[in-house]
Amino acid sequence: MYSISKKILIEKQVAVEKDSFSNAEISQSAAVKFKCCNCGYENNVKIIPYESGFPIFQLYNDEKVLTKNELLRNNIVSETAVNLLHFGELTVNNLPTLYFGIACPACGSKYICVFSYGEKQPGLTLLTISGVWKYNEI
Ligand SMILES: [Zn+2]
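Residues numbered from 1 in each chain as written. Predicted model: local features only at pLDDT ≥ 70, side-chain atom pairs only at ≥ 80, totals over all residues. Heavy atoms only, no water.

### Observations concerning the pattern of salt bridges
Turning to step 1, where the next piece is worked out: Applying the stated criterion across every chain, the model contains four salt bridges.
Turning to step 2, where the next piece is worked out: Across the pair Glu11 and Lys134 runs a salt bridge, and its minimum N-O distance is 3.3 Å. Taken together, the residues span a long stretch of sequence, with Glu11 in strand 1 (residues 8-14) and Lys134 in strand 10 (residues 124-137) at a distance of 123 residues.
Turning to step 3, where the next piece is worked out: Its relative accessible area of 10% is what places Lys134 among the buried residues.
Turning to step 4, where the next piece is worked out: For the salt bridge of Lys68 with Glu89, the shortest nitrogen-to-oxygen distance reads 2.8 Å. With Lys68 in helix 2 (residues 68-73) and Glu89 in the loop between strand 6 (78-79) and strand 7 (90-91), the pair connects residues that are 21 residues apart, well separated along the chain.
Turning to step 5, where the next piece is worked out: By relative accessible area, Lys68 is classed as partly exposed at 33%. (Salt bridge = Lys/Arg side-chain N within 4 Å of Asp/Glu carboxyl O. Helix = DSSP H or I, 4+ residues; strand = E, 2+ residues; numbered from the N terminus. Buried < 20%, exposed > 50% of the residue type's maximum accessible area, 1.4 Å probe, protein only.)

Encoded structure:
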């Protein structure tokens, strides 16, 4: 799991086995499982609440990694509801949104995973994986 600091090009989205976790399911960690679209390796990444990931803002700040438009166009994030802008301009499910980069251990293909985590309403904590996308460095 790493942060991304150079410009990238989103190539394609890959399917994740399970993309929504709530309450007890995320008391320890949530598993992101996806098959590498290059070599077929079954990747299994653990998201640990409050530990894993980097703020999504780091990607579109100064358009350093991706532009807001690229993030929206690829349905990676949505524009945040006006009353929840304290979570950032672009979010998943109107909750604090994070990302991480991950390389397939078998072939080295690079992926970006975007997810949000937080209390949706009192007593309901949600972790939503927006998706996993294969990317290339430009
Ligand atoms: Zn691979």
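That shown, we press on.
### Thoughts on the packing of aromatic side chains
Turning to step 1, where the next piece is worked out: Summed over all chains, the structure comprises five aromatic pairs.
Turning to step 2, where the next piece is worked out: Ring plane angle 45° and centroid distance 5.8 Å describe the contact between Phe54 and Tyr99, whose orientation is recorded as tilted. Within this pair, whereas Phe54 is found in strand 5 (residues 54-55), its partner Tyr99 is found in strand 8 (residues 97-103), the two being separated by 45 residues in sequence.
Turning to step 3, where the next piece is worked out: The exposure class of Tyr99 is buried, given its relative accessible area of 0%.
Turning to step 4, where the next piece is worked out: One Lys or Arg, Lys18, reaches over the ring of Phe21 and ends 5.0 Å from the middle of that ring. (Phe/Tyr/Trp six-rings, centres within 6.5 Å; stacked < 30°, edge-to-face > 60°. Lys NZ or Arg CZ within 6 Å of the ring centre and 35° of its normal.)

### Re the coordination of the zinc ion
Turning to step 1, where the next piece is worked out: Protein coordination of the zinc ion is provided by Cys36 (SG), Cys39 (SG), Cys104 (SG) and Cys107 (SG), with donor distances spanning 2.3 Å.
Turning to step 2, where the next piece is worked out: Viewed at the metal, the four donor atoms of the zinc ion are separated by angles of 102 to 114°, and the geometry they form is tetrahedral.
Turning to step 3, where the next piece is worked out: With a relative accessible area of 38%, Cys39 lands in the partly exposed category.
Turning to step 4, where the next piece is worked out: Relative accessible area serves as the criterion here: at 31%, Cys107 is assigned to the partly exposed category. (Donors = N, O, S within 2.8 Å, 3.2 Å for Na, K, Ca; no water. Tetrahedral: all angles 85-135°; square planar, octahedral: opposite > 155°, others 65-115°.)

### Overview of the nonpolar core
Turning to step 1, where the next piece is worked out: Grouped together as the largest cluster of nonpolar side chains are 19 residues, with contacts concentrated most on Val32, Phe34, Tyr111, Leu127 and Ile129.
Turning to step 2, where the next piece is worked out: Taken together, the elements giving at least two residues each to this core come down to strand 3 (30-35), strand 4 (42-47), strand 8, strand 9 (110-121) and strand 10.
Turning to step 3, where the next piece is worked out: If one sorts the elements of this core by residue count, strand 9 sits on top with four residues.
Turning to step 4, where the next piece is worked out: Ignoring anything within four residues of it in the chain, the contact list for Ile129 reads Lys18, Asp19, Phe21, Val32, Ile47, Cys113, Val114 and Phe115.
Turning to step 5, where the next piece is worked out: In terms of nonpolar packing, the next biggest core, distinct from the first, is built from 18 residues, Ile56, Leu90, Val114 and Tyr135 among them. (Core = buried A, V, L, I, M, F, W, Y, C linked by side-chain atoms within 4.5 Å. Contact = heavy atoms within 4.5 Å.)

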